[in-house]
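Inside the fold
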Amino acid sequence: MSIKKIFLIRHGQTDFNLKNIVQGSGVDAPLNIKGRRQAALFYEAYKWIQFDKVYTSKLKRSIESVAGFIQDGIPHEELSGLNEINWGSREGKVITPKEDAYYYWVLREWQKGNTSMPIEGGESPEDVFERQEEAFNLIMSRSDEKQILICMHGRAMRILLCRMLNYPLKSMDLFEHHNLCLYQLDFTGSMFNIRAYNNTDHLADLS
């Protein structure tokens, strides 16, 4: 029997997402109109679940994405360990393959296994993995919380999923994500099982 059900979502769309601008932990952008609509649709689809706790990063796009649940009075905790990776000098810049070959070179190096290498001025995947550890251990130590909702960020979520499922960090890009997508996992006491992968069924009515 599962002792903890985890609903893990990425935040809704921001104007930075729309314009393909790197955000990272140093850019605290709010949701845009579409992002707020995504958040509302997710709330409508899952408000029936009796969450014991809502966890978010400390960035407003994460908090705004679960505002409906927080307004319902579900206990909420912000954890800096859930913040997005720090993309260093690339934060706030438009990224395209033509305009920033270095950014894509770093991503390829990570895929090769060089996950201790930070991007210029920022963090490495292993840096993020290490700072997530305290937050992850805190969340998992609370055995009274049987169903929890976690809202965080794309790259950081990929790293956390590697941690939960015992994948090497170089495999993190296997975990695809879209704005306000859902990964649902059950923790059995010894391992995590995925019940939903990058699920966006709740966004079907988005126009």
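Criteria and thresholds
Residues numbered from 1 in each chain as written. Predicted model: local features only at pLDDT ≥ 70, side-chain atom pairs only at ≥ 80, totals over all residues. Heavy atoms only, no water. Pairing = 2+ DSSP bridges. Helix = DSSP H or I, 4+ residues; strand = E, 2+ residues; numbered from the N terminus. Axes fitted to C-alpha atoms, helices over the stretch in contact; angles between N-to-C directions. Expected span 1.5 Å × (residues − 1). Buried < 20%, exposed > 50% of the residue type's maximum accessible area, 1.4 Å probe, protein only. Arc of directions from axis to C-beta. Contact = heavy atoms within 4.5 Å. Salt bridge = Lys/Arg side-chain N within 4 Å of Asp/Glu carboxyl O.

1. Notes on the sheet that holds strand 2 (residues 53-56)
- The sheet built from six strands is open, its strands ordered 3-2-4-1-5-6 with mixed pairing. Two strands lie at the open edges of the sheet, namely strand 3 (76-78) and strand 6 (192-199), each paired on one side alone. Between one strand axis and the next, the sheet turns by 15° as a mean value, whatever way the strands run.
- Pairing analysis gives four bridges linking strand 2 to strand 4 (residues 147-152), with the strands arranged parallel. Bridge assignment links Val54 to a residue of strand 4, and that residue is Leu149.

2. Considering helix 5 (residues 101-112)
- When the terminal C-alpha atoms of helix 5 are compared, their 17 Å separation across 12 residues agrees well with the 16 Å that a helix rising 1.5 Å per residue should span.
- Of all the residues in helix 5, the buried ones are Tyr103, Val106, Leu107, Glu109 and Trp110. For helix 5, the angular spread of buried residues about the axis comes to 160°, placing them on one side.
- Tucked inside the fold, the buried residues of helix 5 contact helix 6 (125-141) and helix 7 (154-165).
- Following helix 5 by one or two positions, Gly113 has its phi on the positive side, about 110°.

3. A closer look at the pattern of salt bridges
- Scanning the entire structure with this criterion turns up 13 salt bridges.
- Between Lys53 and Glu77 there is a salt bridge; the shortest N-O distance is 2.9 Å. Taken as a pair, Lys53 in strand 2 and Glu77 in strand 3 lie far apart in primary sequence, 24 residues in all.
- Since its relative accessible area comes to 21%, Glu77 is described here as partly exposed.
- The partner of Asp173 in a salt bridge is Arg155, with the nearest N and O atoms 2.9 Å apart. Of the two residues, Asp173 sits in the loop between helix 7 and strand 5 (182-187) while Arg155 sits in helix 7, which places them 18 residues apart along the sequence.
- A relative accessible area of 24% places Asp173 in the partly exposed class.
- Taking relative accessible area as the criterion, Arg155 reaches 8% and is therefore assigned buried.
- Salt bridges sharing common partners tie together Lys53, Glu77, Arg142 and Glu145.

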